[in-house]
Amino acid sequence: MIVMKKEVKTAIYKQLARATKAMSHPKRIEIMDLLSQGEKTVDTIADQADLGVKNASAQLKELKSALLVEFRKVGKHVFYRLANQQASDLLLYLRKHSEQQFVELQKIAAETFFVSDQLQSVNRKQLISRAKRGDVILLDVRPTDEYQSAHLPFARSVPISELLQKLKTIPKTKEIVAYCRGSYCFFAKEAVEILRKKGFKAYRLTDGVPEWESYGLPVIRTRGA
């Protein structure tokens, strides 16, 4: 009986370890982070994660084996996405745990992402109310496909690659709040730097869509995600 109990417990913990084993590679976590923004083709994932297509496919295979991602085929294209909300929650929990526990991560974040460009003491509901009234311009500076998958209410899509060309469409009399893929995404940081150099009053929102949803706040979906 004792041997049987040990075998059962070993089998249980082996299954519990499947997700953590799949997430033990930095690039797999990065891929999950990208997919938390919406589904993407293997080619897009390879490009955005700075991987070759063959390597990206191998990393996706590991994540799929742990049921963290799933895919669908459209003609010759294969689209991947996070398997479910639990996978997104697991990713967010890992980030929060690491931010609280690892001094190295805290140091990197402090040196790279400056507090001075962030909104302080954000009341998220008030921010959306201000965006609805037009008192503040909320800019989503992610790629267009990610905006189309899901975005914050009343946000405008202005991909960072198009920001300079679209500056004339942004009123200088308004406060600008830019957001992207979350606290470690460079797009919003770059957007704020550009806007401030051009004389705008701009701030960075550290939330991305997954963080926003984790607070129980609504997002807008313009296509299946």
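My aim in this report is to walk through the structure given alongside it, one point at a time. (Residues numbered from 1 in each chain as written. Predicted model: local features only at pLDDT ≥ 70, side-chain atom pairs only at ≥ 80, totals over all residues. Heavy atoms only, no water.)

1. Quick look at the packing of helix α2 (residues 26–35) against helix α5 (residues 85–101)
- At their nearest, the axes of α2 and α5 sit 10 Å apart, and the two run at 120° to each other. As the angle between them shows, α2 and α5 are arranged oblique. Between α2 and α5 the crossing geometry is left-handed. Note on element contacts: α5 touches α2 through A87, L91, L94 and R95, opposite I29, M32 and D33.
- Across the contact of α2 with α5, the residue classes tally to 5 nonpolar, no polar and 2 charged. (Axes fitted to C-alpha atoms, helices over the stretch in contact; angles between N-to-C directions. Helix = DSSP H or I, 4+ residues; strand = E, 2+ residues; numbered from the N terminus. Parallel < 35°, antiparallel > 145°, perpendicular 65-115°, else oblique. Left-handed = near helix turned anticlockwise from the far one by under 90°. Contact = heavy atoms within 4.5 Å. Nonpolar A, V, L, I, M, F, W, Y, C, P; charged D, E, K, R; others polar.)

2. Quick look at the layout of surface pockets
- Estimates place the volume of the largest pocket at around 780 Å³.
- Lining the largest pocket are 25 residues, and of these I29, E30, D33, R95 and Y184 lie nearest its centre.
- Going through the elements one at a time, α2, α5, α6 (103–112) and α9 (186–197) are the ones with two or more residues in the lining of the largest pocket.
- Here the lining of the largest pocket is composed, by residue class, of 13 nonpolar, 7 polar and 5 charged. (1 Å grid on protein atoms, 1.4 Å probe; cavity = no way out; pocket = protein on both sides within 12 Å on 5 of 7 lines; lining within 4 Å. Points joined across faces, edges and corners; volume = space filled by probe spheres on them.)

3. Looking at the nonpolar core
- Counting 22 residues, the largest nonpolar core has I31, M32, L35, L60, L63, L68 and Y80 as the members making the most contacts within it.
- Mapped onto this core, the elements with two or more residues apiece are α1 (2–22), α2, α3 (42–48), α4 (53–65), β3 (77–82) and α5.
- Here the element with the most residues in this core is α2; it accounts for 4 residues.
- Contact partners of M32, with chain neighbours within four places excluded, come to M23, L63, L68, L82, A87 and L91.
- L139, L167, I176 and C185 belong to the second-largest nonpolar core, a separate cluster that totals 18 residues. (Core = buried A, V, L, I, M, F, W, Y, C linked by side-chain atoms within 4.5 Å. Buried < 20%, exposed > 50% of the residue type's maximum accessible area, 1.4 Å probe, protein only.)

4. Topic: the pattern of salt bridges
- Tallied over the full model, the rule gives 18 salt bridges.
- In this structure, E70 engages R81 in a salt bridge whose closest nitrogen and oxygen atoms are separated by 2.9 Å. Within this pair, whereas E70 is found in strand β2 (residues 69–74), its partner R81 is found in strand β3, the two being separated by 11 residues in sequence.
- According to the relative accessible area criterion, E70 is partly exposed, its value standing at 30%.
- Overall, the relative accessible area of 26% leaves R81 in the partly exposed class. (Salt bridge = Lys/Arg side-chain N within 4 Å of Asp/Glu carboxyl O.)

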